[in-house]
Each structure stands twice: as C-alpha cells, then as structure tokens.
Amino acid sequence: MPAEQSHVELVDALVLVAYFLMTLGIGFYFWRKSRSVAGFTAGNGSMSGILTGLSILGTYISSISFLALPGKAFATNWNSFVFSLSIPVAAVIAVKWFMPFYRDRGEVSAYSHLEERFGRWARVYTSLCYLLTQVARIATVTYLMALPVSVLLGVDIRLIILVTGITTTVYTFAGGIVGVIWTDAIQTVILILGALVCAGLMIFSLPGGAGQFLEAGLAYDKFSLGSFGPEVGESTFWVVLVYGLVINLQNFGIDQNYVQRYHASRSKAEAAKSIWIGGLIYLPVSALFFLIGTALFVYYATFPENLPAAYREASAADSVFPWFIVTELPAGVRGLLIASIFAAAMSTISSSLNSSSTIVLNDYFALLRDFATSEKAKMRVLYGATVVFGVLGTSLALALVNVPSILDAWWILAGTFGGGSFGLFLLGMLSRTATGRDAILAVLLGVVVILWLTFSTLLEGFPEALRSPFHGFFTIVIGTATILLTGFLSAACLRRG
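Residues numbered from 1 in each chain as written. Predicted model: local features only at pLDDT ≥ 70, side-chain atom pairs only at ≥ 80, totals over all residues. Heavy atoms only, no water.

## Focus on the overall build of the protein chain
To keep things clear, this is the line we draw: The way it works is that DSSP assigns letters per residue, a run of H or I at least four long becomes a helix, a run of E at least two long becomes a strand, and they are numbered from the N terminus. Burial classification: accessible surface area is computed with a 1.4 Å probe over protein chains only, and a residue below 20% of its type maximum counts as buried, one above 50% as exposed, and the rest as partly exposed. Throughout, a contact is declared for two residues whenever any of their heavy atoms are within 4.5 Å. Calculation of accessible area relied on Shrake-Rupley with a 1.4 Å probe; when residues are assessed, cover is drawn exclusively from the protein chains displayed.
Looking only at helices and strands, the protein chain features 19 helices and zero strands. When its C-alpha atoms are laid out on the principal axes, the protein chain stretches across 75 × 60 × 45 Å. Counting over 497 residues, the protein chain shows a buried share of 58%. Look at the contacts in the protein chain between residues 6 or more apart in sequence, and 84% of them connect residues 24 or more apart. As displayed, the protein chain has an accessible area near 19800 Å², and 68% of this comes from carbon and sulfur atoms.

This is how it looks when you write it as structure tokens:
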C-alpha cells in the first residue's frame, strides 16, 4: 500500500470535507455557551443524559478500538471482548456510588477531594498523572489513526496529524464541553453507522452470506472468549474480566472525562442515564468491531487472492481493515468509513483537551494565592491550556512517526499512572482512618510494584527468578490492590501503636 497513491475518489473527498466542516461548525455554534468557566467545563449543568451518554460512548471508542479490535478478532478470537462484559458491573457501581459522590460535592475536578483527604500532594500527584497520561493518549490516538488514513488518502502522515490536531483543538477551544459533547455524540453516530455498513457489506459479499460467516467462524473457533482455566500468566477469560473491571471502575471513578460529564448532566437522573447509555451501548458496539474482524477473516479465507501475503502476518492484523476499506468498498461508503476513523480519534482527543484544561485551572491555577479570580482570567487559562495541550499532543504524535511499539509504550504509561491514581482514590473512599502518611507509603509501594510488574518482563537480562509471573493485564489490578491494602494496614498499625 504505497503512501503516495491516493485510494479515494471525489465523492470520498467531499464526504471528508463535509465532516471536518461539520465539526468546526458545531464548535463555533456553541461559542457563546462556552464563554464562562461553568459553560466551558460543565456546560452549565444543562445537558441531557442521551447526549452525555453518547459522549461517554465516544470517549470509550478511540481509533485504537476502531482498528485494533477488528485486528484482534482477525488474528485471534473474541477473548478481548470479555473486557466489555465487565462494563455493566462498573456502571452499577458508578451509578450507585461514584456519580452521586461527585454530584454532591459540586466540584468539577475529580481530584479536589483527595487534597481534603490526604493533603495537597495527593491532588497534585493524581492530577499530574492524569495530565501526563492525556498528552500520551492524544499523541497515541492521533498517530495510530494517521497511520492507515495516510495510506488511504495517499497523503503524508505528518499532514494528517497536523490537520487532525488543529481541527480538534479549534473546535474544542471554541465550543467547550458543550461543543465536545455534541461533536462526540454526532461522531459516535457516524462511527457506528460506518461500522454497521461495513459489516453488512462484508458479510453479505460472501457467497453463503450470514450462514457462511457463522459456519466458518465456528469452524475456526473465532468466537472463543478464551480459556476458562486458572492461569494468571495468560490472557484467559478471567484475567481479561478482572482487568476490564478495574479499568472500567477507574474510568467511571477517577477519569476527569467522565466526572465532567456527571456535572454537565442537568440532574442526577440524567447523569445516571448517561452512564447506562455510554456503558451499555459499548457492549454491542464492541461486539460489532469484533464481528467485523471475524468477518474479515472469513472474507479473506473465501477470497485469499484479495489479501497480499504481507497482511497475513500477525503484526499486520490492524492494517487488514483499512486494506478492506481501500480495495473493497464503493466510493462514498469508503469516505464514510474514513470519516469514522477520524471520528473515533477526534472524539477522544477533544475530551482529553477539555478535561486537561479544566484540571489546569482547578488543580493548579486556582490554588495559587495571587491568581486573579475574575472570569476573564480563568477563561484565559482554559483557552491557553486547551491550545497548549493540543500543541503538546500533536507534537508528540509527530515525534512518534517511525517509532516502533508505541502501543506497548502507551499501555506501560497508562498502567503505571492509572494504577497509582485509582488505588489512592479507593483508599480515600473506603478507609476512614488512613492519613496522608499512610497514603504516601501506599502510593510509593504501589508504584514500585507496578514498575516491577511492568519492566521485569520487558527488560533483557532481568533475573529470571525475579520476573513477574502475571500477565500484563494484571499490572493495574495488582498495583491498585497493593495501594489499597498497604493504606489499610498502615492505618491499622499506626492506630494500634
């Protein structure tokens, strides 16, 4: 697939131009509603549960999901789908405890209560972890989206990264959280529509239609959810389920993207509705992506001459779906699918930009004694932070061009920061006696454990006897549990002493 050759026709280009104009138009349409701090960060608490729910769904689905889930199902089976099965449990907990907790506090920052609980260091630590993770997230999502799109459009990958970064930053800057939620909702609809059309065309292009799809999928065990054995060093059903539960609890419990949507909803009932919509719809949507991957496998098993040998390698699995889009879809539909890939990335990026600027204002500038309290001063911080994080994320994405294993690096970073932050959050919620000193000890030990779990299996020359026996999915699970248990034990020992 040479990058110099464009695979789009005029109608595809028109679809893409219309998509980008639409996203910019939505951002500027909500300019007036976002010119106050409450409007920019929480939409003045006026949003419906349906819109915020679709926005949460859009945050769940990134370009990583759009391309990696079909690639995973094409290369292996539906084992990774087990991650989605944990979402209903996490949603129940979020509706019952997390969302009411944040709504009752009334503060838009997800980390302000940690300062009251353990001291200012806890608030700064968790918010800094979040900000660093968001820069990496923006860069990773942008880069992984730009890889196939640059081939589809026949355009240099750097130009794709720049156009995506600039467009998303501009409409996030102009529309605030209201613009982000509306564009997320519309982008999510485009994404799902594109995936449905693609799945239908793929399956019904088979000589035997849906029957052949099911028969071949079952014959090759492509619908397997993985082993149900007790192994902890493999990606079994239980390992993925536990990993998914912790990750989804972290998303609903301490991710600023979700906390802002709780506040943007017009009531607790609407906020609860947004959780149910965003969480539960992801189940069939993720199943749709896995279905696409299985359909790709069956399609190219039926028409092997249509798939070059290079794409049959396991390392190229994520590129098979873009190859199908390029070579098999009619004009117009091809443009819709490319727009869906952009939508998956831009929804994630816009959410990260808005939440990061909100954290900068509430967890840093607002804590300064000499910081001006006027609305204009606060808006300057929000606008400036949006641009800065847009530039940082886009610049890092450009720096990642030609860097191998970026997805592995992203998981390492997200697991390290996420495990430390979520464990501290749970310690603050579940323990009445843990103090700031207990929390510091717990976080230090937890991060050490997370680093060991991560790097003992990656570094060459690491003593075999000291290597972690656990699958990488367990990193955040064990790290979170370590912080929680250490905090409880430290509080109990100090109180007894």
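Picking up where we left off.
## Details of the packing of aromatic side chains
Which entries qualify depends on this criterion: Whether two aromatic rings pair depends on their centres lying within 6.5 Å, for rings of Phe, Tyr and Trp, where Trp uses its six-membered ring; planes under 30 degrees apart make the pair stacked, over 60 edge-to-face, and the rest tilted.
In the structure shown here, the tally under the stated rule is 36 aromatic pairs. Pairing F30 with W182 gives two aromatic rings, centres 5.9 Å apart and planes at 20°, and the pair type is stacked. Placement of F30 in the loop between α1 (10-29) and α2 (37-42) and of W182 in helix α9 (residues 157-204) is noted, with a sequence separation of 152 residues between them. Exposure remark for F30: the relative accessible area of 7% places this residue in the buried category. The exposure class of W182 is partly exposed, given its relative accessible area of 32%. Where W78 meets F81, the ring centres are 5.6 Å apart and the plane angle is 65°; that geometry is what we call edge-to-face. Residue classification places W78 among the buried positions, given a relative accessible area of 11%.

## Describing the environment of I292
Locating I292 in the fold gives a position in helix α13 (residues 268-302). Distance from I292 to M202, taken between C-alpha atoms, is 7.9 Å for residues 90 residues apart in sequence. The residues touching I292, leaving out its near neighbours within four places in the chain, are P70, A195, A199, M202 and F321.

## Examining helix α12 (residues 256-264)
An α-helix turns once per 3.6 residues; consequently, residues spaced three or four apart project the same way. As a reminder of what qualifies: Counted as a polar contact is a pair of N or O atoms within 3.5 Å, where, for protein atoms, one must be capable of donating a hydrogen and the other of accepting one, and residues adjacent in sequence contribute only when both atoms are in side chains.
Among the nine residues in α12, nine count as buried, and that is most of the element. Between a side-chain oxygen at the N-terminus of α12 and the backbone nitrogen of N257 the separation is 2.8 Å; the capping residue is D255.

## Brief notes about the nonpolar core
The condition that has to hold: Put simply, buried Ala, Val, Leu, Ile, Met, Phe, Trp, Tyr and Cys residues joined by side-chain atoms within 4.5 Å make one nonpolar core.
Membership of the largest hydrophobic core comes to 148 residues, with the highest contact counts inside it found for F321 and F342. By residue number, the principal contributor to this core is α9, which donates 16 residues. For F321, the contacting residues outside a window of four places in its chain are F66, L67, P70, C198, M202, I292, L296 and L337.

## Some thoughts on α13
Applied cut-off: The span one expects for a helix is its residue count, reduced by one, times 1.5 Å. We define the bend at any residue as the angle between the axes fitted to the seven residues before and including it, ending there, and the seven starting there.
Counted at 1.5 Å a residue, the expected span for α13 with its 35 residues is 51 Å, and the 51 Å between its end C-alpha atoms agrees. Where α13 bends most, at Y282, the angle is about 30°, and the proline P284 comes one to four residues later.

## Here we look at the packing of helix α10 (residues 209-219) against α13
Where we set the bar: Working convention: axes come from line fits to C-alpha atoms, limited for helices to the stretch in contact. Angles between N-to-C directions cover 0 to 180 degrees. Angle categories: roughly parallel below 35 degrees, roughly antiparallel above 145, roughly perpendicular from 65 to 115, and oblique for all the rest. Under the grouping applied here, Gly and all other residues not named as nonpolar or charged are polar, the nonpolar ones being Ala, Val, Leu, Ile, Met, Phe, Trp, Tyr, Cys and Pro and the charged ones Asp, Glu, Lys and Arg.
Running from amino to carboxyl end, α10 crosses α13 at an angle of 95°, the nearest separation of the two axes being 10 Å. The orientation of α10 relative to α13 falls into the category roughly perpendicular. Of the residues in α13, those in contact with Q212, F213, A216 and G217 of α10 are L291, T294, A295, V298 and T302. The residue makeup of the contact of α10 with α13, split by class, is five nonpolar, four polar and no charged.

## Section: the environment of G43
Examined against the element boundaries, G43 turns out to sit in the loop between α2 and α3 (49-60). The sequence separation of G43 and F237 amounts to 194 residues, and the corresponding C-alpha distance is 40 Å. Look past the residues within four positions of G43 in its chain and what remains in contact with it is A38, I177 and V178.

## A look at the side chain of S86
With respect to the helices and strands, S86 occurs in the loop between α5 (82-85) and α6 (87-105). A polar contact is formed between the side chain of S86 and the backbone oxygen of F83, at a distance of 2.7 Å. In terms of polar contacts, S86 uses its side chain to reach the side chain of N248, at 2.9 Å. Contact partners of S86, with chain neighbours within four places excluded, come to L241, G244, L245 and N248.

## Thoughts on unusual backbone geometry
Despite not being glycine, N44 has its phi angle at roughly 55°, a positive value. Among the structural elements, N44 can be located in the loop between α2 and α3. Despite not being glycine, D221 shows a phi value in the positive range, around 55°. Within the element layout of this structure, D221 appears in the loop between α10 and α11 (237-254).

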